[in-house]
Amino acid sequence: MSIGPENILILTGAGISAESGLGTFREKGGLWERFDPQELATPEAFKRDPDKVLDFYNARRKNLIGATPNPAHRALAELELAWIMAGRGDFLLVTQNIDDLHEQAGSAQLLHMHGELLKTRCQLCGHLFADTEDITPGRPCPGCGKVGGLRPHVVWFGEVPLGLDQIYAALEQVDLFVAVGTSGTVYPAAGFVQEAKAAGAWTIELTLEPGEVSDLFDERIHGPASAVVPDWVRRKLETGS
Ligand code: BJW
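The paragraphs below set out a description of the structure included in this document.

Scoring rules and cut-offs
- Residues numbered from 1 in each chain as written.
- Predicted model: local features only at pLDDT ≥ 70, side-chain atom pairs only at ≥ 80, totals over all residues.
- Heavy atoms only, no water.
- Near = heavy atom within 4 Å.
- Polar contact = N/O pair within 3.5 Å; in protein donor to acceptor, adjacent residues only side chain to side chain.
- Areas by Shrake-Rupley, 256 points an atom, 1.4 Å probe, with all protein chains shown as cover.
- Nonpolar A, V, L, I, M, F, W, Y, C, P; charged D, E, K, R; others polar.
- Domains from an automatic or database assignment.
- Axes fitted to C-alpha atoms, helices over the stretch in contact; angles between N-to-C directions.
- Helix = DSSP H or I, 4+ residues; strand = E, 2+ residues; numbered from the N terminus.
- Parallel < 35°, antiparallel > 145°, perpendicular 65-115°, else oblique.
- Left-handed = near helix turned anticlockwise from the far one by under 90°.
- Contact = heavy atoms within 4.5 Å.
- Pairing = 2+ DSSP bridges.

1. Details of the site of the ligand
Logical step 1: In the vicinity of the ligand there are 36 residues, among which Phe 25, Tyr 57, Arg 60, Ser 183 and Tyr 187 approach most closely.
Logical step 2: Measuring from an oxygen atom of the ligand, one finds a backbone N or O atom of Tyr 187 at 2.7 Å.
Logical step 3: Between a nitrogen atom of the ligand and a main-chain N or O atom of Leu 208, the distance comes to 3.2 Å.
Logical step 4: Burial of the ligand by the surrounding chains reaches 76%, relative to a free accessible area of 1500 Å².
Logical step 5: For the shell around the ligand, the per-class residue count stands at 18 nonpolar, 12 polar and 6 charged.
Logical step 6: Each of domain 1 (1-22 + 70-114 + 161-241) and domain 2 (24-66 + 119-154) contributes no fewer than three residues to the shell around the ligand.

As structure tokens, this is what we get:
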């Protein structure tokens, strides 16, 4: 049982949404096995061939609409509520995912560091808005009325992830860091475990398979998120460890 406040930071990746029917990136059959990220997930690719990039994200947006959270998303929302209500410490959920399944499950202290697929941004005026429609090169921005500026509100390779100041501030104060369903391949997120350890936190990896930085974690539990996350949350709330 911990004494005093215990600050928790959870990092999630594509694996937590796999059992909700959304594909991961780097596993067998994953998105980056079927599609080249250099042609779809960089600002240069978007400049070179906007139709191709927009088609990819339009298809993924359609696939997302109708997807629902699984027990892993719901367990993290329950943990947040219990933690905050009981005043046991700070809680921050940082997701690399662009889906909205954590919101649907009820998570509130949530930061989308790689953006959100259900938001569109105008590169000409900066207008950001909730959006479930296809983006096409000829669609005008509802903010400035100009065409040619709309893009998905996602973070591509070479772009700076969102909310890093808040994330690094939380990592300096963290007591428990848990990574769920992420391969530890993409930086800066893959480096958060080291930051957490430098702050003296206990670190746990919950993934199907060991990730690239698996050895850095104090504890590793491997299995499907829909089983291991609710089990771990139950343990945490019941025993404190
Ligand atoms: C399950 C499961 C189940 C499965 N249950 N688990 C060389 C060295 C270091 C860095 C670089 C480098 N060269 C370039 C860089 C930087 C680059 C980078 O890291 N590249 C690497 C590939 C090397 N990073 C960037 O460019 C980032 N920006 C940046 O660095 O800016 C500079 C800067 C930083 C800081 C301060 C100032 C400046 C931006 C990265 C943007 C990533 N974008 C994407 C696409 C987003 C939009 C979209 O979705 O299309 O984000 S790429 C893709 O990867 C997506 C994901 O969020 C991200 C991470 O993937 P994730 O979530 O880990 O998924 P997978 O598929 O890899 O893993 C799935 C995991 O789930 C596995 O572990 C499975 O076991 C598990 N799993 N089923 C539980 N049922």
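So, next bit.
2. Let's talk about the packing of helix 6 (residues 71-85) against helix 10 (residues 225-239)
Logical step 1: Between helix 6 and helix 10, the shortest axis-to-axis distance is 7 Å and the interhelical angle comes to 20°. Relative to helix 10, the element helix 6 is oriented roughly parallel. Crossing geometry of helix 6 relative to helix 10 is assigned as left-handed. Contact with helix 6, carried on its side by Pro 71, Ala 72, Ala 75, Leu 76, Leu 79, Ala 82 and Trp 83, involves Ala 225, Ser 226, Val 229, Pro 230, Trp 232, Val 233, Lys 236 and Leu 237 of helix 10 and no other residues of that element.

3. Here's the deal with the sheet that holds strand 5 (residues 128-130)
Logical step 1: A sheet is described by the order of its strands in space; here 3 strands give the open sequence 5-4-6, paired in antiparallel fashion. Whereas interior strands pair on both sides, the edge strands pair on one side only; in this sheet they are strand 5 and strand 6 (150-154). When the angles between neighbouring strand axes are averaged without regard to direction, this sheet yields 40°.
Logical step 2: Two elements, strand 4 (residues 115-122) and strand 5, share 3 bridges in a ladder whose sense is antiparallel.

By themselves, these observations are geometric and do not establish any function.
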